[in-house]
Amino acid sequence: GTVVAMNATELRWLGYEAAEVIGRRRFAEFVAPASRDAYAATFARVREHGGAADVELEVARRDGTTFPVLLTSSAVRGPDGRYLRSRTTLTDITERRRAEGEVRRLNATLEERVRERTAELAEANRELGQKNAENEMFVYSVSHDLRSPLVNLQGFSRELEKGCAQLTALLA
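Residues numbered from 1 in each chain as written. Predicted model: local features only at pLDDT ≥ 70, side-chain atom pairs only at ≥ 80, totals over all residues. Heavy atoms only, no water.

**Considering the sheet that holds strand 2 (residues 66-77)**
Step number 1: The three strands are arranged 1-2-3 in an open sheet whose pairing can be described as antiparallel. The strands lining the two open edges of the sheet, one partner per strand, are strand 1 (51-60) and strand 3 (83-92). On average, each strand axis in the sheet is tilted by 35° relative to the strand beside it, whichever way the strands run.
Step number 2: The strands touched by helix 3 (residues 36-49) within the sheet are strand 1, strand 2 and strand 3, with strand 1 carrying the most contacts at an inclination of about 150°. (Pairing = 2+ DSSP bridges. Helix = DSSP H or I, 4+ residues; strand = E, 2+ residues; numbered from the N terminus. Axes fitted to C-alpha atoms, helices over the stretch in contact; angles between N-to-C directions. Contact = heavy atoms within 4.5 Å.)

So this is what it looks like as structure tokens:
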């Protein structure tokens, strides 16, 4: 677990100089308390099975702040197959976490907008249904009110036909 090499990028992320870390510190010291159990299980898996990939951990900087990383590690074994060390790559996933949080926030906003729009559409649909019912009642009322005068006009029209037929017969 003692660090035997660390690249400049990781040293910068953690806030240390190479002389302070290499040969002097164990990687587990950089793991944030919330991730220590996950790291211990991962380290055991690397030693036993030869590797672990895409393990999300929090690591602590010198100033105590933490940041998320994706750890991929593979075991380096001696000629006799015994575990000697591990080769580990860390990827800072701060931006990915921020983007995931933004996606979650946007999804929540979108879901709220969908709920609001659905409620608006349901209300508009209810109002349209009510207006449709009012229109049907108006059409029924108008057709009923027009039916009676039409019946009278039909009767008067028949009487005129009879009168015209009688006048035509008298004139002929």
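**A closer look at the packing of aromatic side chains**
Step number 1: Applying the stated criterion to the full structure yields six aromatic pairs.
Step number 2: Plain terms: the ring middles of Tyr 16 and Phe 30 are 5.4 Å apart, the flat faces sit at 70° to each other, and that makes the pair edge-to-face. With Tyr 16 in the loop between helix 1 (8-14) and helix 2 (18-21) and Phe 30 in the loop between helix 2 and helix 3, this residue pair connects regions lying 14 residues apart in the sequence.
Step number 3: Its relative accessible area of 1% is what places Phe 30 among the buried residues.
Step number 4: Consider the rings of Tyr 39 and Phe 43, whose centres lie 5.9 Å apart with planes at 20°: the pair is stacked. A residue pair is termed a helical-turn pair when its members lie 3 or 4 positions apart in one helix, as Tyr 39 and Phe 43 do in helix 3 at four residues. (Phe/Tyr/Trp six-rings, centres within 6.5 Å; stacked < 30°, edge-to-face > 60°. Buried < 20%, exposed > 50% of the residue type's maximum accessible area, 1.4 Å probe, protein only.)

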